[in-house]
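# Inside the fold
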Amino acid sequence: MALDYSKIIEQESEKEFYKKTHKNIMEYIQIHQPVTFWQIVRNVQGSDRRVLRLLHQLTLNGSLRKDRKKISLSHRFKRKDFKEEVCTKCQGKIIPIEGKFHQVLKELHKIILTKPIPTFLFDQRPVTPITSVRRVAYLLWRGDLEGKNIAVIGDDDLTSLAIGLLGKAKSIVVFDIDIRLVKFINSVAKRKNLKLKAHTKDLTKGIPKEFYAKFDVFLADPTPSPKPFELFTSIGLALLKSGSERIGYLSFFPSHQEKSMEFQNILNKRKVIITDMIPKFTEYDFLPSTYNTNDLALLQKFDSGDERLSFHENLTRFETTKNTQRKIFKVNLQQMLGKATKRVMKNPEKDPAYNSEDRKFILSTMKKMKFKS
Ligand SMILES: C[S@@+](CC[C@H](N)C(=O)[O-])C[C@H]1O[C@@H](n2cnc3c(N)ncnc32)[C@H](O)[C@@H]1O
C-alpha cells in the first residue's frame, strides 16, 4: 500500500532506504507477530525515530494493527506459519550475560549514572551498557582478553571500564579526544583499582610513538564513514605489536544506512583477515534528546517497555598478517565532521551536552574547533 514517505524521512536521499526498510519490516512482522516497536528496531533496520514514524503511518493506513503496544499485520495479510527465533539465552550474541558478566553489568550500570553527557561535537553515540559487557564476554571467549595488553581507541562506551572490572586483562589504555571522558574513566579506574589509564588525544594528530607496537588487541567504534573508519583502524594497527595474529575489533554497517563496500575495502587494503562478524551485536543507546515533541508523542503510543535502543551495528574481529599495512591515515579534524557534528556547530542547542552543566565546555570546544556558535 502506498505510503507518504515525507512523513517518515528527514531528507529525500533517505527515501529508497526506507522503502526497503518498509518491506523488510512487513516481512519481519509476518514471521514473528505480534512484535514490539523495540523488537523491530533491534532485529530489522532503520533508525528508531524513523521506524517509529513508519509504524505510525502503517497503522494509519490499515496495514498494521496495534494491540496494547504489540504490532501485527492487519487481517488482509496472510500470516506465515514458521517462526525462527534467536537463542533466548544469548540473544544471538554467542555468550550469555550471566554470573561474573552479570556482576560487571550491574557495576557498569551504577558507574554510568555519573558519566559525562555525550556530545555530537565528537560524534559520540554510546552503546548500551550490556553491549559493552557483551564485548568483554566475547573477547574472553575468543582468547583476546586474559593476560593481554588492550588499547581502546575512543571510549564513550566505557568498554575499557567493563574490561577492567572483569580483571582478566594485563593492562588497558584508552585514547579519546574528550577530556571529560578521560578524567571520568581515570577517576573510576583509580577508585576501583583497575589496571587502566586513559589519555586525552586527538587522533587526527597521531599518537605518541611510545605507544606504537605495544598492544595485543585493540577495540574501536569509529563513526561509520570511510575517513574516521580508516583513521581509527590505522591508529589501532600502529598500536598493535608487529607480526601476524594481532587482533582488532570494530563495528560497522549501521542499521540506519545502506550497506557499503567501503569498510571492507579499507580492511582489504590494510591486509588484515576478517575472522568474525556477528550481526546486530552492537546496540546504540536510546537518546531522548534526539526526539522532537511529535516523535515523543508517538513513542508513548509504541513504547512497550522492553530495552530501548537507537540502531545497531555488527561486531567485527580481524587478525593482522605479516603484510598488514600500519601506516597512519592522514586526515584533519574538519574532514572528520559528520552530519550530527555539523548540525551542532550551527546550533549548539541540538547537542545533548550543551543542555547540561557542560555548556561552557561545549562552547569552548566549538571555539577551538574554529567554528563560531
Ligand atoms: C567517534 S565516536 C563514535 C560513536 C559511536 N560508537 C558510533 O559508532 O557512531 C567514538 C569515540 O571516539 C572519540 N573521538 C571522536 N573523535 C576523536 C578524535 N579526533 N580523536 C580521538 N577520539 C575521538 C569520541 O569522543 C568517542 O568517545
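Look up: the structure comes first, before these words.
### Observations concerning helix α5 (residues 129–141)
Residue pairs spaced three or four apart in an α-helix point in one direction, given the helix's 3.6 residues per turn. With 13 residues, α5 ought to run about 18 Å at 1.5 Å a step, and its terminal C-alpha atoms sit 19 Å apart, in line with that. Of all 13 residues making up α5, twelve are buried, and the element is well covered by its neighbours. Among all positions of α5, only Pro-129, Ile-130, Thr-131, Ser-132, Val-133, Arg-134, Arg-135, Val-136, Ala-137, Tyr-138, Leu-139 and Leu-140 are buried. One or two steps after α5, the chain reaches Gly-143, where phi turns positive at roughly 80°.

### Some remarks on empty space enclosed by the protein
Evaluation of the coordinates by the stated rule reveals two cavities of 30 Å³ or more. Of the volumes computed, that of the largest cavity is approximately 80 Å³. Secondary-structure elements contributing two or more residues to the lining of the largest cavity are β6 (217–220) and β7 (247–250). Approximately 30 Å³ is the volume attributed to the second largest cavity. Lining the second largest cavity, in full, are Lys-115, Pro-116, Ile-117, Pro-118, Gln-124, Pro-126, Asp-156, Asp-178, Arg-180 and Leu-181. The residue makeup of the lining of the second largest cavity, split by class, is five nonpolar, one polar and four charged.

### What about the packing of aromatic side chains?
Considering all chains together, one arrives at 16 aromatic pairs under this definition. Relative to Phe-253, the ring of Phe-252 has its centre 4.9 Å away and its plane inclined at 75°; by these criteria the two rings are edge-to-face. The exposure class of Phe-252 is buried, given its relative accessible area of 1%. Overall, Phe-253 belongs to the partly exposed group, its relative accessible area being 22%. Residues Phe-253 and Phe-263 carry aromatic rings whose centres are separated by 6.3 Å and whose planes lie at 70° to one another, so their mutual orientation is edge-to-face. In this pair, Phe-253 sits in the loop between β7 and α9 (262–269) while Phe-263 sits in helix α9, placing the two residues ten residues apart along the sequence. When its relative accessible area of 3% is taken as the criterion, Phe-263 is described as buried. Among the aromatic residues, ring-to-ring pairing joins Phe-37, Trp-38, Phe-286 and Tyr-291 into one connected group.

### Examining the sheet that holds strand β8 (residues 272–284)
Ordered in space as β5-β4-β3-β6-β7-β9-β8, the seven strands form an open sheet in which the pairing is mixed. Sheet topology places β5 (196–200) and β8 at the edges, where each strand pairs with a single neighbour. The average angle at which neighbouring strand axes cross in this sheet is 15°, direction not considered. As paired strands, β6 and β7 are joined by three bridges and run parallel to one another. Residue pairing in the sheet places Phe-218 in a bridge with Gly-248 of β7. In this fold helix α6 (residues 159–166) packs onto β3 (149–153), β4 (171–176), β5 and β6, with an angle of close to 170° to the strand it touches most, β4.

### Things to note about the site of the ligand
Taken together, 20 residues lie near the ligand, and Gln-124, Asp-156, Asp-176, Asp-202 and Leu-203 sit nearest. For the ligand, an oxygen atom lies 2.9 Å from a polar atom in the backbone of Asp-156. The contact in question runs from an oxygen atom of the ligand to an N or O atom on the backbone of Pro-222, over 3.5 Å. Calculation on the ligand without its partners gives an accessible area of 580 Å², and the protein chains cover 96% of this total. Within the shell around the ligand, the residues separate by chemical class into nine nonpolar, three polar and eight charged.

Conventions adopted
Residues numbered from 1 in each chain as written. Predicted model: local features only at pLDDT ≥ 70, side-chain atom pairs only at ≥ 80, totals over all residues. Heavy atoms only, no water. Helix = DSSP H or I, 4+ residues; strand = E, 2+ residues; numbered from the N terminus. Expected span 1.5 Å × (residues − 1). Buried < 20%, exposed > 50% of the residue type's maximum accessible area, 1.4 Å probe, protein only. 1 Å grid on protein atoms, 1.4 Å probe; cavity = no way out; pocket = protein on both sides within 12 Å on 5 of 7 lines; lining within 4 Å. Points joined across faces, edges and corners; volume = space filled by probe spheres on them. Nonpolar A, V, L, I, M, F, W, Y, C, P; charged D, E, K, R; others polar. Phe/Tyr/Trp six-rings, centres within 6.5 Å; stacked < 30°, edge-to-face > 60°. Pairing = 2+ DSSP bridges. Axes fitted to C-alpha atoms, helices over the stretch in contact; angles between N-to-C directions. Contact = heavy atoms within 4.5 Å. Near = heavy atom within 4 Å. Polar contact = N/O pair within 3.5 Å; in protein donor to acceptor, adjacent residues only side chain to side chain. Areas by Shrake-Rupley, 256 points an atom, 1.4 Å probe, with all protein chains shown as cover.

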